[in-house]
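This is what each chain is made of:
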There are 2 protein chains.
Amino acid sequence: MTTSKKTSSPEQTPLEEAYPTTVEGLVLEERLGYALRRAQLKVFKHFDEAMREHDIRPAQFSSLVVIEGYPGVTQSNLAQTLSIDPPRVVSLINSLEERGLALRVRCKRDRRSHGIFLTKTGEALVERLKGLAEQSDLEATQSLSEIERRQLLTLLRKVYASEESDD
Amino acid sequence: MTTSKKTSSPEQTPLEEAYPTTVEGLVLEERLGYALRRAQLKVFKHFDEAMREHDIRPAQFSSLVVIEGYPGVTQSNLAQTLSIDPPRVVSLINSLEERGLALRVRCKRDRRSHGIFLTKTGEALVERLKGLAEQSDLEATQSLSEIERRQLLTLLRKVYASEESDD
DNA sequence: AGATATAGTTATAATAGGTAACTATTTTTT
DNA sequence: AAAAAATAGTTACCTATTATAACTATATCT
C-alpha cells in the first residue's frame, strides 16, 4: 500500500463494470494448464452431481474400477496405477472397506501385502457407477460432437501416457 | 475385515507382481474426468518446475496475466474471470502485494472496490513468466504435434466455455 | 544372522477450496 | 431524506486433498 512503485495510472480509478467475465483474447486462453484446469473443474462438477446420490468421490470411483478390473490388486499396485501416494491409498481403501464395498485380504505368499477385492455390494455399485459416470461425461461435454469427444480423450491420453521420467 | 461378504476368491491370494502400472484397457481409460486429471497433473508438474525459480503458483500466474491484460480490474472481476471465490482472491492479491508485484488502489468512484494494478516489477516478472509458461507447456506435451496441441486447446476451451448454467 | 528393502500404516503439515458472518460503502425504495 | 437492500472486500473457520517423515512387520539378500 505504501509502495510508491506504480505502473499504469493507479490514481485513475477502475472504469465501470466494463471488465470481462471471460479471459477471451488473453494469453491465459493459450495456456494448456489453464484450459485443463477449467475443463476439469467443469467435468468434475458434473461428476460430483452424478455421484452425490452414492456419496462417491472421484478417487473412490477410480479405485473401484481398478479393483474391479484387477481383483486382488495390492495397495502399492493401486498407488502406482493411479499415481497417488501410498498413504492416500490407505484412507481410500479404509473408506471403501468401512462401507462394505471392498475388502483387504492378507496375502499368503507375502504377508506384508494385501490383495483388495470388491464385495458383491461393491461389484453391484461399480456397475451402476460406471453408467452414471459415462452419462455425466456426456452431459459435461454437450458442446462437443461424438468425434470431438473421442479426439479429446485420445489427445489427453497421449499427453499423460508419455512417461518421460516424471509421474 | 469381519465382513464375510466376498466376491472373487479372496482366499486365493494376489498373483505375482503381475499387476499393471497403467490402466490400459480399463473403463477408466474411457473416463474424461480421469484423463483430464492425469493430463493436468502432468502439465502442472512441469509448470511448477518452470515457476519454482520465481516461487509462483498457478493461481498467482493466472492473476498476474489477467491484471496485466486489464489494469485496474477489481477483485470481484478477477473472481468471476478466474471463477474462484472472493476470499481466495483476497489472499491471492495479498501475496502479490506483499511481494511488490501488484497493488490495490481504492476506487474513487466506488470506494468499496479496489482496482488492481501491476507494479513495474510485476510487469517485468509477468513478461518473463509468460515465456516460461509457454515453454513448460511445450515440454509437457512433447508427445503432441503442434497441430494436436492446438486441437487439444481448442477442444478444452470448447468444453469449459459452454456456460450452460454451472460455473 | 545381520543388513537392507518393501508393504502398509500413522501422524503431521501445507494447501486448496468453500461457507458464513462482518464492515464499509453504495443503491434502491418509500 | 431515512430506511432497507445490495455489493466489495474481508475475516474466521472448516473440510478435503496431497505430500512427507517416521514407524511396524515382513521379506530378501549376503
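Quick summary incoming for the structure in this document. (Residues numbered from 1 in each chain as written. Chains lettered and ligands numbered in written order. Predicted model: local features only at pLDDT ≥ 70, side-chain atom pairs only at ≥ 80, totals over all residues. Heavy atoms only, no water.)

**Some thoughts on the pattern of salt bridges**
Our working definition: When a carboxyl oxygen of Asp or Glu lies within 4 Å of a side-chain nitrogen of Lys or Arg, that pair is called a salt bridge. Type-normalised accessible area, obtained with a 1.4 Å probe on protein chains alone, sets the label of each residue: buried when under 20%, exposed when over 50%, and partly exposed for intermediate values.
For the structure shown, the criterion picks out 20 salt bridges over all chains. We note a salt bridge from Arg57(B) to Asp48(B), for which the minimum N-O separation is 3.0 Å. Asp48(B) gets classed as partly exposed once you look at its relative accessible area, which sits at 29%. Overlapping salt bridges, with partners in common, bring together Glu30(A), Arg150(B) and Arg157(B) in one network.

**Some words on the packing of aromatic side chains**
Operational definition: Centres within 6.5 Å make a pair out of two Phe, Tyr or Trp rings, where for Trp the six-membered ring is used; the pair is then stacked when the planes are under 30 degrees apart, edge-to-face when over 60, and tilted otherwise. Strands are runs of DSSP state E lasting at least two residues, helices are runs of H or I lasting at least four, and both sets are numbered from the N terminus onward.
Tallying each qualifying case throughout the model produces 4 aromatic pairs over all chains. Measuring from centroid to centroid gives 6.2 Å for Tyr34(A) and Tyr160(B), while their planes differ by 90°, and the two rings are edge-to-face. Of this pair, Tyr34(A) sits in helix H1 (residues 32-52) while Tyr160(B) sits in helix H6 (residues 146-161), each in a different chain. For Tyr160(B), a relative accessible area of 6% corresponds to the buried category.

**Structural notes on the protein's contact with DNA strand C**
Basically, it comes down to this: By convention in this text, a residue qualifies as near a molecule or strand provided that one of its non-hydrogen atoms is within 4 Å of it. The term polar contact refers here to a pair of N or O atoms within 3.5 Å; inside protein, the definition further demands a hydrogen-donor-capable atom paired with an acceptor-capable atom, and it admits residues adjacent in sequence only when both atoms are side-chain atoms. Side-chain classes follow a simple rule in which Ala, Val, Leu, Ile, Met, Phe, Trp, Tyr, Cys and Pro form the nonpolar group, Asp, Glu, Lys and Arg form the charged group, and the remainder, Gly included, forms the polar group.
Around DNA strand C sit 18 residues, and of these Gln75(A), Ser76(A), Arg104(A), Arg112(A) and Asp85(B) come closest. Contacts to DNA strand C include Arg104(A), whose side-chain N or O atom sits 2.9 Å from a phosphate oxygen. Between DNA strand C and Asp85(B), the relevant distance is 2.3 Å, taken from a phosphate oxygen to a side-chain nitrogen or oxygen of the residue. In terms of residues, the surface near DNA strand C owes the most to one element, helix H4 (residues 86-98) of chain A, which gives 3 residues. Tallied by class, the residues present in the surface near DNA strand C amount to 4 nonpolar, 5 polar and 9 charged.

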